[in-house]
Amino acid sequence: MLPALAGRLGRLRALKTNRMQALGGAEFHVNSSGNPTNYEEEDEVPPYTPALQHPAYVVRKTGVDLLHDPWCNKGSAFPKSERDRLGLRGLLPPRSLTMELQAARFMEDYYQPKELIPPEDVKLGGVTSAMARRWKLLQELQDRNETLFYRVLVDNFTEMAPIIYTPTVGWVCVNYHKLYRRPRGMYFSAADRGDMLAMAYNWPQQDVQAIVVTDGSRILGLGDLGVNGLGIPIGKLDLYCAAAGFSPSKVLPVVIDVGTNNEALRNDPHYVGLRIPRITGPEYFEIIDEFVSAVMARWPSAVLQFEDFSINHAVPLLERYRKHHLVFNDDIQGTAATALAGLYGALRVMGLPPAALGQQRIVCVGAGSAGMGVARMIASGMQKQQSLTAEQAADRFHVIDAHGLITTARTNIADFAKPFARADPTHEGEDLLAVVRRVKPTILLGLAGAGRLFTEEVLAAMNKGCPHQRPIIFPMSNPTSRMECTAEDAMRITQGRAIFASGSPQPPVTLASGREVAVSQCNNMYIFPGIALGAYLGQTRIITDRMLMAAAEELPRLIPEEELERGLVYPKLSKIRDISVSIATAVANAAGDEGRLRGRMREKYAQGDEALRAFIASSMFYPNYSALVHLPSGIGE
């Protein structure tokens, strides 16, 4: 028996030796991570040692509730597997960071707070350390007590609007990956294809009334900021709530991350977005299509506002969805309506009727989607007020881009700019100063986002070319660093004659004579909250050009006579909620005229303006403390 056993052992040793030789002379075992471990024959297997700490922590929360638990929250460090099983997909930036990177980011802020802005950056961007500190203070309040945050914002809107939106929001977006502390809004990315509808249900609110979305490709005049662009939808929706009375619990800021062409961001270890070049072409539209289908499937009645998309995508996306959903693009349509309203206000300042718009000569600097949206809206106003043809209205414009004056001699004109190309090819590429001297425009619009293009020479030529009418100068680019000129420049060079409005706020100007000249802010916040409110409450299904025109025509009617005498072309922002009610009423009336109103708004429309206005005003959220009642989970949900 012993010889037989010895023979079997010998055969087993030979089999083991042959197997080891086939594997290169080593024996492999699989370790806990699933990878093979190489043990030489003489190596001993490490002994088993039970862990002193439990390897996992049991949680009873998921989704937003988990992210608001300071003990369990890992912030941007949650791995993909935990994001999936804990309902966190879409609630966090796409890229997972390590705890070491999170700690390093904190220590950077510990030693050099981000709100301490160097003087040279203040001069460039117009955002001071005090403004950044106030933004941070407001964010902390919003995280602690959202009702109080909105009450403070509503009561101090004029002072705080530049803090929560332009110009401060530009600084926020540039630094968002370093300022990020707590999730707000949703993140969809190219890596989420096929899962976006399921992700939409990770958002806890069943009733979302307004969604603002960006892909971060053209943030203000700052360019491609990738996932950092989420700061813009957050700021916009703060304005929706404060200015138009949308409930803060029923709005949703979103960024769609399709990569970024900003190499500095891609190489920044703290950047929380996808570190890939920006996706374009059919694949890009497939991603946006899936997102729109997902959010419209879950919240079919919501207003969906597109914000800060690049030139090559903004117009196609608007046209792709506007006939199917309650969609609008504020950069194109909101800016256009705001600009037209400001020009009507400027005509009122000079005692001229709206029909005088068709007699103006306009130079528009900037031929992107926003610039051409403004030009189209103004041309539509000319056609309506003075019965001009489309060709006659377009002939009132001279459009300039980075290559100079656009004429029909240009071979690569974007489709949306073609109607405004000058027929005379001899002036192709003419620079701004030469155009102003030759054309003698009465209106100068800046929408290029390229900084101080309205030089002293240009402003002087503009003033000289308007001997019989005050020159209208609107540098509308944002933020302050991208404005075409300052109010001080325009008023000093025109000796206070200019009627001025800018995209970012500017202080009044004191002339050499000691006279103080008021200036206006040509900001979309006058228009887009009311448009969204009227369309949402009216359940209009789509937002039409007629509704936008009604908003543009209503706004200048709200300027009191004493403010017109001071040269203001927009009403005071301190009345923003009343302004939004008036804009929403005008939008609803236009929708009613088109037969688009549904629900209670249709009944109020039939009863007249007073009933319609009262219903809109009573539907607005106002931040007050309400009584709280506890119900167990699952009851009344």
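Residues numbered from 1 in each chain as written. Predicted model: local features only at pLDDT ≥ 70, side-chain atom pairs only at ≥ 80, totals over all residues. Heavy atoms only, no water.

What am I meant to see in the overall build of the protein chain here?
Counting its regular elements, the protein chain contains 27 helices and 16 strands. Dimensions of the protein chain along its principal axes, counting C-alpha atoms only, are 125 × 60 × 45 Å. The 637 residues of the protein chain split such that 55% are buried. Within the protein chain, counting contacts between residues at least 6 apart in sequence, those at least 24 apart form 69% of the total. On the protein chain, roughly 29,200 Å² of surface is accessible, and the fraction owed to carbon and sulfur atoms is 54%. A gap of 2 Å separates the mean positions of the 67 positive and 67 negative side-chain charges of the protein chain. (Helix = DSSP H or I, 4+ residues; strand = E, 2+ residues; numbered from the N terminus. Buried < 20%, exposed > 50% of the residue type's maximum accessible area, 1.4 Å probe, protein only. Contact = heavy atoms within 4.5 Å. Areas by Shrake-Rupley, 256 points an atom, 1.4 Å probe, with all protein chains shown as cover. Lys, Arg positive; Asp, Glu negative; His and termini not counted. Charge placed at Lys NZ, Arg CZ, Asp CG, Glu CD.)

How do you make sense of the side chain of N524 when you look at a structure like this?
On the secondary structure map, N524 appears in the loop between β16 (520-521) and α22 (528-538). A polar side-chain atom of N524 sits 3.0 Å from a polar atom in the side chain of D330. A distance of 2.8 Å separates a polar atom in the side chain of N524 from a polar atom in the side chain of T335. Other than its neighbours up to four places away in sequence, N524 contacts K236, D330, G334, T335, T338 and P529. (Polar contact = N/O pair within 3.5 Å; in protein donor to acceptor, adjacent residues only side chain to side chain.)

Just checking my understanding: could you explain the confidence of the model for the protein chain for this structure?
Low-pLDDT portions of the prediction should not be read for the details of their coordinates. Looking at the protein chain, pLDDT values average 91 and 92% of them are 70 or higher. Confidence drops under a pLDDT of 50 for residues 19-30, and excluding neighbours within four residues, the segment shows 24 contacts in the predicted structure. (pLDDT = per-residue confidence, 0-100.)

Please clarify how the pattern of salt bridges should be interpreted in this entry.
Should their charged atoms come close, side chains of opposite charge can pair. Within the structure shown, the criterion is met by 38 salt bridges. D289 serves as the salt-bridge partner of R320, at 2.7 Å between the closest nitrogen and oxygen. Note that R320 is positioned in helix α15 (residues 311-321) and D289 in helix α14 (residues 281-298), a separation of 31 residues in sequence. The shortest N-O distance in the salt bridge between E456 and R492 comes to 3.3 Å. Residue E456 is located in helix α20 (residues 456-464), and its partner R492 is located in helix α21 (residues 487-493); the two are separated by 36 residues in the primary sequence. (Salt bridge = Lys/Arg side-chain N within 4 Å of Asp/Glu carboxyl O.)

Where do I start with the domain arrangement of the protein chain in this structure?
Often, the extent of an interface is quoted as the loss of accessible area on bringing the components together. Split by domain assignment, the protein chain resolves into domain 1 (96-329), domain 2 (334-522) and domain 3 (526-619). Once you take the C-alpha centre of each, domain 1 and domain 2 turn out to be 30 Å apart. Tallying the contact residues gives 13 residues for domain 1 and 14 residues for domain 2. Between domain 1 and domain 2 the total buried area reaches about 1,100 Å² when both faces are included, carbon and sulfur atoms providing 65% of it. Across the contact surface, domain 1 and domain 2 share zero salt bridges. Viewed at the interface, domain 2 and domain 1 are joined by zero residue pairs in polar contact (both at pLDDT 80 or more). Listed by contribution, the elements that provide at least two residues to the side of domain 1 that touches domain 2 are α5 (119-125) and α15. Top element by residues in the side of domain 1 that touches domain 2 is α15. It accounts for three residues. Here the residues of the side of domain 1 that touches domain 2 are counted per class, giving eight nonpolar, five polar and no charged. (Domains from an automatic or database assignment. Buried area = accessible area lost by both parts, 1.4 Å probe. Nonpolar A, V, L, I, M, F, W, Y, C, P; charged D, E, K, R; others polar.)

Is there a simple way to think about the UniProt feature "active site" (unreviewed entry) in the protein chain in this case?
Here, UniProt's "active site" (unreviewed entry) annotation points to Y165 and K236. Sequence-wise these annotated residues cover 72 residues; spatially they are packed, their C-alpha atoms never more than 7.1 Å apart. Within the secondary structure, Y165 sits in the loop between α8 (157-164) and α9 (168-174). Assessed through its relative accessible area of 3%, Y165 is described here as buried. Dropping the residues within four chain positions of it, Y165 is found in contact with I232, G235, K236, L239 and E307. Summarising the element assignment, K236 is placed in helix α12 (residues 231-244). Residues contacting K236, with those up to four places away along its chain left out, are Y165, V212, Q305, E307, D330, N524 and F528. (UniProt positions renumbered as here; feature names shortened; annotations may be inferred.)

Just to check I follow, could you spell out unusual backbone geometry for this structure?
Most peptide bonds take the trans configuration, and most residues that are not glycine carry a negative phi. In this model, T166 is joined to P167 through a cis peptide bond whose omega is 5°. Locating P167 in the fold gives a position in the loop between α8 and α9. Positive phi outside glycine occurs at D308, with the angle close to 55°. Looking at the element boundaries, D308 is found in the loop between β6 (303-306) and α15. Positive phi, normally seen in glycine, also occurs at K440, with a value near 55°. Checked against the element boundaries, K440 lands in the loop between α19 (432-439) and β11 (443-446). Look at K440 and you get partly exposed, because its relative accessible area is 42%.

Would you take a moment to explain the nonpolar core for this structure?
Nonpolar side chains in soluble globular proteins generally cluster together in the buried interior. In terms of nonpolar packing, the biggest core is built from 178 residues, with F157, F291, F306, I378 and F474 touching the most fellow members. Top contributing element to this core by residue count: helix α16 (residues 330-349), with 11 residues. Among residues more than four places away in sequence, those in contact with F157 are L239, A242, A243, M525, L573 and I576. Counting 27 residues, the second largest nonpolar core, distinct from the first, contains V365, L432, V458 and L511. (Core = buried A, V, L, I, M, F, W, Y, C linked by side-chain atoms within 4.5 Å.)

Just to check I follow, could you spell out the pairing of β6 for this structure?
Taken residue by residue, a regular strand's side chains alternate between the two faces of the sheet. Of the two faces of β6, the one carrying V303 and Q305 and the one carrying L304 and F306 are both buried. In this sheet, strand β7 (residues 327-329) lies alongside β6 in parallel orientation, the contact comprising three bridges. Within β7, the position partnered with L304 by the bridge is V327. (Pairing = 2+ DSSP bridges.)

Looking at this structure, I do not really get the sheet that holds β16. What am I missing?
Within a sheet, adjacent strands bond to each other through the backbone by hydrogen bonds, running parallel or antiparallel. Spatially, seven strands are ordered β10-β9-β8-β11-β12-β13-β16 in an open sheet, and the strand pairing comes out mixed. The two strands at the open ends of the sheet, each matched to only one other strand, are β10 (404-405) and β16. Where β11 meets strand β12 (residues 472-475), four bridges bridge the pair, whose relative direction is parallel. Each residue of the ladder has a partner; that of I443, found in β12, is I472. Seen against the sheet, α16 touches β11, β12 and β13 (499-502) and runs at an angle of roughly 155° to β12. Contacts from helix α17 (residues 369-386) reach β8 (362-365), β9 (397-401) and β11 within the one sheet, and its direction differs from that of β9 by about 180°. (Axes fitted to C-alpha atoms, helices over the stretch in contact; angles between N-to-C directions.)

How do you make sense of the sheet that holds strand β5 (residues 251-257) when you look at a structure like this?
Spatially, five strands are ordered β3-β5-β4-β6-β7 in an open sheet, and the strand pairing comes out parallel. In the strand order of this sheet, the two ends are held by β3 (186-189) and β7, each with one partner. Looking at each pair of strands side by side, their axes are set apart by 25° on average, direction ignored. Bridging between strand β4 (residues 210-214) and β6 involves four bridges; their strand directions are parallel. Bridging across to β6, I211 finds its partner in L304.

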